Protein chains: 2
Amino acid sequence: MTIFVDMDEVIADAYHAHIDIYNQEYNAEIKVDECYGKEFWQCVPEAHQQSIKDHTRRDGFFQNLKIIPDSQEVLEALSKKHDVYIASAAMEFPQSLREKSDWLDEFFPFIPWQNRILCGNKHVLKGDVLIDDRSKNLGPFEGRSIMFTSPHNTQVTLFERADTWRDIADKLL
Amino acid sequence: MTIFVDMDEVIADAYHAHIDIYNQEYNAEIKVDECYGKEFWQCVPEAHQQSIKDHTRRDGFFQNLKIIPDSQEVLEALSKKHDVYIASAAMEFPQSLREKSDWLDEFFPFIPWQNRILCGNKHVLKGDVLIDDRSKNLGPFEGRSIMFTSPHNTQVTLFERADTWRDIADKLL
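All of the points below concern the structure found in this document.

Points about the relation of the copies chain A and chain B
What relates the two chain copies is a rotation about an axis together with a slide along it. Superposing chain A onto chain B takes a rotation of 180° combined with a translation of 0.0 Å along the rotation axis, leaving an RMSD of 0.0 Å. When the rotation and shift are considered jointly, the pair of chain copies conforms to a two-fold rotation axis. Of the residues that chain A buries at the interface, 100% are likewise interface residues in chain B, meaning the two copies contact each other through the same surface.

Structure follows, in structure tokens:
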């Protein structure tokens with residue numbers, strides 16, 4: 001079975017990084033539970049929104065993301081049974097490409113370079129399962145689309161859902 | 001129609017870059033017509049072969065590649081009629097990722113980031129045409145596989161072949 005796994009919001013915690021950077025730089029105290037159903041930039045005053053959107057163009061943003069809990073253990077087990085690919089829509093951010101490769105080397109070394117994909121969209125991927133946090137990626141996928149819960153997608157009901165990597169283990173292991 | 005186009009040896013001239021670097025650094029005069037049917041490292045004394053293989057890990061190697069003749073004009077025309085993706089197996093060389101993105105920005109700006117793929121292998125790409133110089137990529141592809149002629153693949157007879165981008169224009173435009 002061929003399984004595609006997204007990076008941001010699935011194995012790498014970009015959402016909390018946005019919150020942490022914003023709270024620190026604007027001396028704010030936004031909590032994640034104020035953000036359900038919204039992109040993080042929608043949770044801040046309009047005058048600050050562009051600065052949030054620019055986080056993903058900063059050197060080091062992707063290099064420093066924390067790991068989503070249990071993703072390492074479950075992915076390592078999955079990769080022993082299945083053909084697991086990391087598939088990240090990263091091409092919009094050229095400075096992220098090397099950082100994402102290095103981050104995978106550091107935290108997911110059991111996913112070899114042969115099974116890593118940095119792309120613009122995911123419409124052309126052929127496989128059995130896609131685990132992703134975005135409807136735009138899950139919708140066109142011809143296989144089983146599993147939405148991984150992130151604060152921004154809590155209101156979406158179109159897809160099979162996994163809230164945690166334990167859920168993924170129950171579904172696929 | 002979805003068309004995937006490889007980078008090295010199809011739109012970017014890596015083979016001649018290998019020759020030029022080697023000839024300069026070893027004071028040699030190897031000509032491309034001595035290389036037909038061989039990887040370039042197979043054309044040099046054994047003691048020099050590793051240095052050829054290491055070219056692709058050098059900073060600037062991919063940034064400085066010349067453009068394969070007519071690839072810009074034909075690809076721009078193709079991209080107006082079809083869904084054209086650049087698909088390069090680049091993940092083995094992390095330092096190449098940004099260079100390849102920048103090179104495409106410079107020479108193929110009409111292929112937007114949405115249509116660029118940097119991957120490890122191409123087994124999971126779903127589309128109609130793959131233009132590539134490598135049997136390992138063309139073989140597993142489920143659509144129309146077109147081998148773009150490079151010095152190293154002149155002996156391969158398994159695939160439909162294009163010697164130049166004018167050939168591609170004749171076939172696909």
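A short note on helix H6 (residues 165-172) of chain B
All names here are of chain B. Of all the residues in H6, the buried ones are Trp165, Ile168 and Leu172. Along the axis of H6, the buried residues cluster in a sector spanning 45°; they form a single face. Buried residues along H6 sit against helix H3 (71-81), strand S6 (129-132) and strand S8 (160-162).

A closer look at the packing of helix H4 (residues 96-107) of chain A against helix H4 (residues 96-107) of chain B
Axis separation between H4 of chain A and H4 of chain B bottoms out at 7 Å; the angle between their running directions is 155°. Overall, the two elements H4 of chain A and H4 of chain B adopt an arrangement that is roughly antiparallel. Viewed along their axes, H4 of chain A and H4 of chain B form a crossing whose handedness is right-handed. Contacts from Leu97, Arg98 and Ser101 of chain A of H4 of chain A reach H4 of chain B at Leu97, Arg98 and Ser101 of chain B. Residues that form the contact of H4 of chain A with H4 of chain B fall into these classes: two nonpolar, two polar and two charged.

Quick look at unusual backbone geometry
For residues other than glycine, phi is negative in most cases, and the peptide bonds are mostly trans. Residues and elements named next belong to chain A. The phi dihedral of glutamate 9 falls on the positive side, at around 75°, and the residue is not glycine. Mapped onto the secondary structure, glutamate 9 falls in the loop between strand S1 (2-5) and strand S2 (12-13). Here glutamate 9 falls in the buried class, since 21 other C-beta atoms lie within 10 Å of it. A positive phi angle, close to 55°, is found at asparagine 27, a residue other than glycine. For asparagine 27, the position within the fold is in the loop between helix H1 (14-25) and helix H2 (46-53).

The rules we used
Residues numbered from 1 in each chain as written. Chains lettered and ligands numbered in written order. Predicted model: local features only at pLDDT ≥ 70, side-chain atom pairs only at ≥ 80, totals over all residues. Least-squares fit on C-alpha atoms with pLDDT ≥ 70 in both. Contact = placed C-beta atoms within 7 Å. Buried ≥ 20, exposed ≤ 12 C-beta atoms within 10 Å, placed from the backbone. Helix = DSSP H or I, 4+ residues; strand = E, 2+ residues; numbered from the N terminus. Arc of directions from axis to C-beta. Axes fitted to C-alpha atoms, helices over the stretch in contact; angles between N-to-C directions. Parallel < 35°, antiparallel > 145°, perpendicular 65-115°, else oblique. Left-handed = near helix turned anticlockwise from the far one by under 90°. Nonpolar A, V, L, I, M, F, W, Y, C, P; charged D, E, K, R; others polar.

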